[in-house]
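Fold and geometry: a report
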Amino acid sequence: MKIGFLFNHDCIHQISHTAPIICELVALEQDVTVITSSAEQEAHVRQTIASCSDRVRFVHIGIGRLARAINVVAKSFLPFQRIANLHENVRLFAGLDALVVPETTSALLKSHFGLDIKLIYFPHGAGDRSIGFRNVTRFFDLVLLPGAKTRDRMLENHLIRPEGHAVVGYPKFDTVDFSVRRRFFDNDRPTVLYNPHFDPILSSWWDMGLEVLEWFAGQDDYNLIFAPHVMLFRRKVHVSVEHRRIRLRRMIPERLRNLPHIRIDTGSQYSVDMSYTLAADIYLGDASSQIYEWIYRPRPCILLNSHGADWQGNPNYTHWNMGQVIDRVSALPHALAVAQEQQQPYAQRQKEAFQATFLTVPSQSAASRAAREIVHFLSQNKVLAA
């Protein structure tokens, strides 16, 4: 069977969620094509699948001159280039039996571009935001999921079918050496990871972020790694279609850069390969699904409620039950001071949340389980079609 893996995004953060499956499919003697829309993505995929990249076909896709001109303006308001990449390369996708994707824009191939293909979706991340549980999920023929939490919520909302999904685990974990903890500072102070999202409503960056950085700049008890979602500084204007909000991203003043106890990283590989989540001692965030990667090793979490959310009992904020929730930066010093002593009850919640969020089977990788589910699904459908 001809199986494609599409990486069609501005950044590389989605790649490790599906790329590890590629070598497992090659081992099962499947014909795999990797389709990327940037040299940066292709390089990262090649790095991730180095052991089998010579047995995989790579194809680069792009858009025409007119679409590129439109994208100059449209990219601030919608993922125009991603959509155009789909539309202008339908013929390429039509030559495949199945296409594996880590995002939902690709559903347009079926919903709007009339392509008859098996679409296989693996969400990039395991968070709680409502955007991860939208009706668009129904366009996918097979949905591969990291654990019971996401499965149960999708089933409850009738987004997936019993025969059209499988819980396989989290392939990104297959790529991480959890025994390695990088040192980013030459001192022994506790290190805080500040990881705001980019959403114009949910992210703390817009209304609290600079105040957070200013506070850390003026103290000498903690190190700070500022590593926001990689999309935050990719665009100057952020639009939330879901929450109907447009905001202009704030810049980081030069006085806050190059301080010895603050590391600012707005989009390197360290931001997406768990280097920072493994290196830090305290997590400071808001809506990012990275908090679920953080609790692989339970540690203190502090959540910033910058938008006055009535969060308790709301499934979109389930992760806020895993740490202290504060609604002003003036509360941050105390929250940090008591973080370790208050961790014990939160540690149990974090362990339970991790078990619900990620299927782990010591003798099997998530990528190998995903590959077998894909082959089984496509084989069954081939038999039914015959």
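Numbers given to residues run from 1 along each chain, matching the order in which its sequence is written. Local features in this predicted model are restricted to residues whose pLDDT is 70 or higher, and side-chain atom pairs enter the listing and the counts only when it is 80 or higher, whereas totals over whole chains, interfaces and linings include all residues. Side-chain numbers come from the whole structure's heavy atoms, not from hydrogens or water.

1. Here's the deal with unusual backbone geometry
For glutamate 29, which is not glycine, the phi torsion reads 65 degrees and is therefore positive. The helix count covers DSSP runs of H or I at least four residues long, the strand count covers runs of E at least two residues long, and both are numbered beginning at the N terminus. With respect to the helices and strands, glutamate 29 occurs in the loop between helix 2 (20-27) and strand 2 (31-36). Unusually for a residue other than glycine, histidine 158 sits at a positive phi of about 55 degrees. Checked against the element boundaries, histidine 158 lands in the loop between helix 8 (148-156) and strand 7 (165-167). Here's how the labels work: a residue is buried when its accessible area is under 20% of the maximum for its type, exposed when over 50%, partly exposed in between, all with a 1.4 Å probe on protein chains only. Accessibility expressed as a relative area gives 60% for histidine 158, which makes it exposed.

2. Quick word on the environment of alanine 309
On the secondary structure map, alanine 309 appears in the loop between strand 14 (301-304) and strand 15 (324-326). Look at alanine 309 and you get buried, because its relative accessible area is 14%. Only heavy atoms enter the contact rule, under which two residues are in contact if any of them lie within 4.5 Å. If sequence neighbours within four positions are ignored, alanine 309 has contacts with Tyr317 and Trp320.

3. A few points about the packing of aromatic side chains
Note on ring pairs: Phe, Tyr and Trp rings are taken, using the six-membered ring of Trp, and paired if centres are within 6.5 Å. Classes follow the plane angle, with under 30 degrees stacked, over 60 edge-to-face and the rest tilted. Within the structure shown, the criterion is met by 22 aromatic pairs. Relative to phenylalanine 173, the ring of tyrosine 170 lies with its centre 4.6 Å away and its plane at 65 degrees, an arrangement referred to as edge-to-face. Between phenylalanine 173 and phenylalanine 354 the ring centres are 6.0 Å apart and the planes differ by 25 degrees, which places this aromatic pair in the stacked class. Taken together, the positions of phenylalanine 173 in helix 9 (residues 171-174) and phenylalanine 354 in helix 14 (residues 343-357) put the pair 181 residues apart, joining distant regions of the chain. Residue phenylalanine 354 is classed as buried on the basis of its relative accessible area of 13%.

4. A look at the sheet that holds strand 12 (residues 262-264)
Here the rule is simple: two strands pair whenever DSSP picks up at least two bridges between them. Read from one edge to the other, the open sheet built from six strands follows the order 12-9-8-13-14-15, with strand pairing classed as parallel. The sheet terminates laterally at strand 12 and strand 15, the two strands that pair on one side only. Strand-to-strand twist of the sheet, defined as the mean angle between neighbouring strand axes without regard to direction, takes the value 20 degrees. Summarising the sheet, strand 13 (residues 282-285) and strand 14 pair through three bridges and their orientation is parallel. Note on geometry: axes are lines fitted to C-alpha atoms, helical ones only across the stretch in contact, with angles between N-to-C directions running from 0 to 180 degrees.

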